[in-house]
Amino acid sequence: MKKSVTPSTSDTSSPAIDEAALADLSGDSAVATTGQSRGPSLATLGQVSGDIDSKDLIIPRMEIVQKVGPLSLNTELDFGSLVLNKSTVLAPLEVTVSITVLTCVKSFEEVLPYDPTGKGPRARTFDHLKDLIAAGLWVDWRNDQKPPAREVGNLLVLIKKPDGIESPAFHMNVEGSRYAIASWTVRSTAYGRVAKKVFSAAAVELADAGLLAGIWDLHIEPHQSGGNLVGAPVLKLVGEHTPEVVADITARLTR
């Protein structure tokens, strides 16, 4: 039960008011104690400051419009479209875009029954296979039993701006072409079609030049999976950036 911060009208005394507590309740940062920041000043004009790290950044997401799921509810988005930020259509079904893979991290997640409401329990995620096994889960088929967990690829990519697309997301200019940075999560069918190809290329074709040198063509094709029609990614390594472009990308993203 909440306690009122207003003194009782029957109390004629003048109790001390905790100004710091009141400031916290109201969001007012005017009251500061020793050692606390007093907020923005002209010294930080035009800057962001504080203990900022990757957890404070919102990276645009690249997704595929499927027959089910949140994006399917948007009548302006067609099945199989590749979409950035849930709204910018990068390419319709079977139209190619060019991407550069910056990172690809393998993880694992529990498989739960599909919940159209999105209000059910969240699947447990694991960074390492040993943690998955310790939780009593596995990712391989056993005695025709579908595995209760699956592999996941978490990618960070640069998307080359397609012709006709205008979006502030394409902020990076590299040798006359504009790029947008995006996160992309692949699982199930898409994991084998994307993450495994990236892992393989990093170990073989791009072993010398490095992952950032790879130029990839990406398009979405219709695919039957478990009796359902899904939009499945098709990723193909088609070339390499020059060392100068790789150095430029690296400098821009690490400064």
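Residues numbered from 1 in each chain as written. Predicted model: local features only at pLDDT ≥ 70, side-chain atom pairs only at ≥ 80, totals over all residues. Heavy atoms only, no water.

Engineer: Which parts of the structure should I look at to understand the sheet that holds strand E1 (residues 62–64)?
Structural biologist: Strands belonging to one sheet form pairs held by backbone hydrogen bonds; the direction of such a pair is parallel or antiparallel. With antiparallel pairing, the 3 strands of this open sheet are ordered in space as E1-E2-E3. Only two strands of the sheet have a single neighbouring strand rather than two, namely E1 and strand E3 (88–91). Each strand axis lies, on average, 35° off the axis of its neighbour in the sheet, ignoring direction. As paired strands, strand E2 (residues 82–84) and E3 are joined by 3 bridges and run antiparallel to one another. Across the sheet, Val-83 pairs through a bridge with Val-89, a residue of E3. (Pairing = 2+ DSSP bridges. Helix = DSSP H or I, 4+ residues; strand = E, 2+ residues; numbered from the N terminus. Axes fitted to C-alpha atoms, helices over the stretch in contact; angles between N-to-C directions.)

Engineer: What am I meant to see in the nonpolar core here?
Structural biologist: One broad trend across soluble globular proteins is that nonpolar side chains are buried collectively. Grouped together as the largest cluster of nonpolar side chains are 31 residues, with contacts concentrated most on Met-62, Ile-99, Leu-155 and Ile-159. Taken together, the elements giving at least two residues each to this core come down to E1, E2, E3, strand E4 (97–110), strand E6 (149–160), strand E8 (177–187), helix H3 (189–203) and strand E9 (214–225). No other element matches the 6 residues that H3 contributes to this core. Residues Tyr-179, Leu-212, Ala-213 and Val-246 belong to the second largest nonpolar core, which totals 11 residues. (Core = buried A, V, L, I, M, F, W, Y, C linked by side-chain atoms within 4.5 Å. Buried < 20%, exposed > 50% of the residue type's maximum accessible area, 1.4 Å probe, protein only.)

Engineer: What should I look at first to understand unusual backbone geometry in this one?
Structural biologist: Only a minority of non-glycine residues have a phi that is not negative, and only a minority of peptide bonds are not trans. Even without glycine at this site, Glu-94 takes up a positive phi of about 70°. As for its position among the elements, Glu-94 is in the loop between E3 and E4.

Engineer: Help me understand the pattern of salt bridges in this model?
Structural biologist: When their charged atoms lie close together, side chains carrying opposite charge are able to pair. This model, assessed by the stated rule, comprises 11 salt bridges. Notably, a salt bridge pairs Arg-142 with Asp-140, separated by 3.5 Å at the nearest N-O pair. Using a relative accessible area of 38% as the deciding quantity, one classes Asp-140 as partly exposed. Linking Arg-252 and Asp-248 is a salt bridge whose minimum nitrogen-to-oxygen distance equals 2.9 Å. Taken together, the positions of Arg-252 and Asp-248, both in helix H4 (residues 243–254) and 4 residues apart, correspond to about one turn of that helix. (Salt bridge = Lys/Arg side-chain N within 4 Å of Asp/Glu carboxyl O.)

Engineer: I'm lost on the confidence of the model for the protein chain in this one. Help?
Structural biologist: Interpretation of this model should avoid reading the predicted coordinates in detail wherever pLDDT is low. Taken over all residues, the pLDDT of the protein chain has a mean of 86, while the share at 70 or more is 84%. Counting interchain partners and residues more than four positions distant, the pLDDT-below-50 stretch residues 1–15 has 3 contacts. Under a pLDDT of 50 for its full length, residues 21–33 has, in the predicted model, 10 contacts with residues more than four places off or in other chains. (pLDDT = per-residue confidence, 0-100. Contact = heavy atoms within 4.5 Å.)

Engineer: Which parts of the structure should I look at to understand the packing of aromatic side chains?
Structural biologist: Two aromatic rings are characterised by how far apart their centres lie and by the angle between their planes. All chains considered together, the criterion is met by 0 aromatic pairs. Cation over ring: Lys-67 sits above Phe-79, and NZ or CZ is 4.7 Å from the ring centre. (Phe/Tyr/Trp six-rings, centres within 6.5 Å; stacked < 30°, edge-to-face > 60°. Lys NZ or Arg CZ within 6 Å of the ring centre and 35° of its normal.)

Engineer: I keep staring at H4 and nothing clicks. Help me out?
Structural biologist: Along an α-helix, a turn takes 3.6 residues, which lines up residues three or four apart on a common side. Across its 12 residues, H4 extends 16 Å between first and last C-alpha, which sits within 8% of the 16 Å expected from 1.5 Å per residue. Among the residues of H4, Val-245, Val-246 and Ile-249 are the ones counted as buried. All buried residues of H4 lie within an arc of 100° about the axis, which places them on one face of the element. Residues of H4 that are exposed and point more than 90 degrees away from the buried face comprise Pro-243, Glu-244 and Thr-254. (Expected span 1.5 Å × (residues − 1). Arc of directions from axis to C-beta.)

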